[in-house]
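The primary structure of each chain is shown beneath.
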Amino acid sequence: MQDLSSWLLQTLRHDVSHPTWLEERKFEWIPLLKNALQRIFSGESVVLITDYDREWFMHYVTYSINQVNKRPYVPIIGINALFPQIDRTLQKDATEIPLINDYLDNIFSCKYFFWYVGRSDSIRAKLALSHEHCLLWLFDANLQNSFTLQSTDPLVDMKLMQMYRIFNLALEATMFCHIRLE
């Protein structure tokens, strides 16, 4: 059994998607990945939120993460599945955020966290940023405990997919005791 850092370095160097750019940023990436995995394996659910431009990513993740016969299910769900009118509600009145959080607290018995992918100035970001401990993949903004990407990068969509691939491989490796999170 390897520690997460060793496993990640080996995976980044040998993965078929060639995410070498992520190796350069491993010190930003490892703490975020480790925290998310620890929370998932301690029984927390993940509510995935994206800005409008990356909604395709939310659909892809929620579709692919729990494919039949692949492995045990992982509790990751898109915000639209829980709250279909999220955009209309947040656009109408951002003061609804505490009510939405109460709703989600009741559904998940306060055992969930947000995984947000997108710009920090979007309406949906307000909901994700209302929680202190989130998994944040932000565009064009540097916030503490977040991973920043540039929306002007012509390879940004590919990088998102590579990050998701490594995240998914880390989930699986943790699930099957190939890596330890201590």
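Structure first, text after, so check above.
What counts and what doesn't
- Residues numbered from 1 in each chain as written.
- Predicted model: local features only at pLDDT ≥ 70, side-chain atom pairs only at ≥ 80, totals over all residues.
- Heavy atoms only, no water.
- Phe/Tyr/Trp six-rings, centres within 6.5 Å; stacked < 30°, edge-to-face > 60°.
- Helix = DSSP H or I, 4+ residues; strand = E, 2+ residues; numbered from the N terminus.
- Buried < 20%, exposed > 50% of the residue type's maximum accessible area, 1.4 Å probe, protein only.
- Contact = heavy atoms within 4.5 Å.
- Expected span 1.5 Å × (residues − 1).

Undergrad: Please explain the packing of aromatic side chains as it appears in this structure.
TA: When we look at a pair of aromatic rings, we describe it by the centre distance and by the angle of the planes. Counted by the stated rule, this structure contains 13 aromatic pairs. Each ring, one from F83 and one from Y103, has its centre 5.5 Å from the other, and the planes form 70°; the classification is edge-to-face. Remark: Y103 occurs in helix α7 (residues 97–108) and F83 occurs in the loop between α5 (79–82) and α6 (86–92); sequence separation between them is 20 residues. Classification of F83 as buried rests on a relative accessible area of 12%. Centroid distance W115 to F167: 4.8 Å. Interplanar angle 40°. Geometry classified as tilted. Of this pair, W115 sits in strand β4 (residues 112–119) while F167 is found in helix α9 (residues 156–175), placing the two residues 52 residues apart along the sequence.

Undergrad: Could you clarify how one ought to interpret the environment of L149 in this entry?
TA: Its location among the elements puts L149 in strand β6 (residues 146–149). What makes L149 buried here is its relative accessible area of 3%. Linking L149 and K159, residues 10 residues apart in sequence, is a C-alpha distance of 8.6 Å. In this view, L149 contacts W21, R25, L138, F139, D140, V156, L160 and M163; residues no more than four positions away in its chain are not counted.

Undergrad: Hey, could you run me through α9 in this one?
TA: At 3.6 residues per turn, the α-helix brings residues three or four places apart onto the same side. Compared with an ideal rise of 1.5 Å per residue, which puts 20 residues at 28 Å, α9 spans 28 Å between its outermost C-alpha atoms and is within 8% of the ideal. With 14 of 20 residues buried, α9 is to be regarded as a mostly interior element. After α9 finishes, the residue C177 shows a positive phi value of roughly 60°.

Undergrad: I keep staring at α7 and nothing clicks. Help me out?
TA: Its 12 residues give α7 an end-to-end C-alpha distance of 16 Å, which sits within 8% of 16 Å, the value for a rise of 1.5 Å per residue. Among the structural elements, β2 (45–50), β3 (76–78), α5, α6, β4 and α8 (123–128) are those in contact with the buried residues of α7. Looking at the residues trailing α7, positive phi occurs at S109, about 50°.

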